[in-house]
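The primary structure of each chain is shown beneath.
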Amino acid sequence: MKLLTAMKILLIVTSHEQLGDTPERTGYWLEELAAPYKEFTEAGAQVDIASPRGGKAPADPKSVKEADEVSRAFLADAQAAKKLENTLVLENVKEKYDAYFVVGGHGVMWDLAVHTPLQRLLANGYERGAVVAAVCHGPAALVGVKGADGQPLVAGKRVAAFSNEEEQAAKLDKVVPFALETRLRDLGARYERGPMWGSFAVRDGRLVTGQNPASSVAAAREVIQALQEKKKK
């Protein structure tokens, strides 16, 4: 059943591919792009992909190596592949979307966390009633977003994101520019989490967040639910 016909969703990925000061590569996490893309397109939504630099966005090599069936199907989909090769430049996005979904991957911590055009896009979108969502490291893109009252958008809201414990387990807690869970708590978010590496997503009104790669489907489904409710109003 096409629940979201005539609705438009923008998936947002990082353009950053160096993992801090290490020689390793990073980028967006493939599954966190592929799974929501599948959920949204199957629900009938029009889905576009954007990044700070536009053009071909870098996938974290580990996520490509560990690609699951959904990720492989995404890469084999000609239409999806074309969108991925030619991502829109965030600064040039003028179209008004019904939902914005920030895909995770460690790259987000360096570029999307401080990307003013994205902060503006999400703040304006949220203010006019759009759903704002992010998964795993994607919520790093929310740290600079302010609500209409000038307070951090996440302040007082239930939010999930990659936990400090997961970052330590990934041995990247000393590599990332800041601890995401800690930053969200400092901004006044009501941080919530489930078990390490398990699926966990929370929705607070029109703000949807997921904890880790395993949470991408759950987060996407929360977005669909929020959009359906919005449609009924």
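Structure's up top.
In this text, all values refer to a predicted model and were calculated from it rather than measured experimentally.

Procedures and definitions
Residues numbered from 1 in each chain as written. Predicted model: local features only at pLDDT ≥ 70, side-chain atom pairs only at ≥ 80, totals over all residues. Heavy atoms only, no water. Axes fitted to C-alpha atoms, helices over the stretch in contact; angles between N-to-C directions. Helix = DSSP H or I, 4+ residues; strand = E, 2+ residues; numbered from the N terminus. Parallel < 35°, antiparallel > 145°, perpendicular 65-115°, else oblique. Contact = heavy atoms within 4.5 Å. Buried < 20%, exposed > 50% of the residue type's maximum accessible area, 1.4 Å probe, protein only. Pairing = 2+ DSSP bridges. Salt bridge = Lys/Arg side-chain N within 4 Å of Asp/Glu carboxyl O. Core = buried A, V, L, I, M, F, W, Y, C linked by side-chain atoms within 4.5 Å.

Viewed as axis vectors pointing N to C, helix α3 (residues 69-76) and helix α4 (residues 78-85) meet at an angle of 80°, and their least axial separation amounts to 5 Å. Between α3 and α4, the crossing angle belongs to the class labelled roughly perpendicular. In this structure, α3 contributes Phe 74, Leu 75 and Ala 76 to the contact, and α4 contributes Ala 78, Ala 80, Ala 81 and Leu 84.

Below, the discussion takes up the pairing of strand β9 (residues 207-210). Going residue by residue along β9, you find Leu 207 and Thr 209 tucked away on one face and Val 208 and Gly 210 tucked away on the opposite face as well. Of the pairings in the sheet, the one linking strand β5 (residues 131-135) to β9 comprises four bridges and is parallel in character. Of the residues in β9, the one forming a bridge with Val 132 is Leu 207. Taken together, the four bridges between strand β8 (residues 201-204) and β9 define a ladder with antiparallel strand orientation. What sits directly across from Ala 201, in β9, is Gly 210. Here β8 folds back onto β9 in antiparallel fashion, the turn holding two residues, of which Gly 205 has a positive phi close to 65°.

Moving on, we come to the pattern of salt bridges. Taken as a whole, this structure holds 11 salt bridges when the rule is applied. Across the salt bridge formed by Lys 56 and Glu 85, the nearest N and O atoms sit 3.2 Å from each other. Here Lys 56, found in the loop between β2 (46-51) and α2 (61-65), pairs with Glu 85, found in helix α4; they are 29 residues apart in sequence, far enough to count as distant. According to the relative accessible area criterion, Glu 85 is partly exposed, its value standing at 41%.

Turning our attention to the nonpolar core. In this structure, Leu 10, Ile 12, Leu 122 and Leu 184 are the most contacted members of the largest nonpolar core, which totals 36 residues. Of all the elements, helix α5 (residues 116-127) adds the most residues to this core, at five residues. If sequence neighbours within four positions are ignored, Ile 12 has contacts with Ala 50, Leu 90, Tyr 100, Phe 101, Val 102, Val 103, Leu 112, Leu 118 and Leu 122. If you look at the next biggest cluster of nonpolar residues, it comprises 35 residues, including Leu 30, Ala 34, Ile 49 and Ala 57.

This next bit is on the sheet that holds β8. Spatially, the seven strands line up as an open sheet ordered β3-β2-β1-β4-β5-β9-β8, and their pairing is mixed. For this open sheet the edge positions go to β3 (88-89) and β8, each flanked by a neighbour on one side alone. Each of β1 (8-12), β4 (99-102), β5, β8 and β9 touches helix α8 (residues 216-232); the most contacted strand, β8, lies at about 25° to it.

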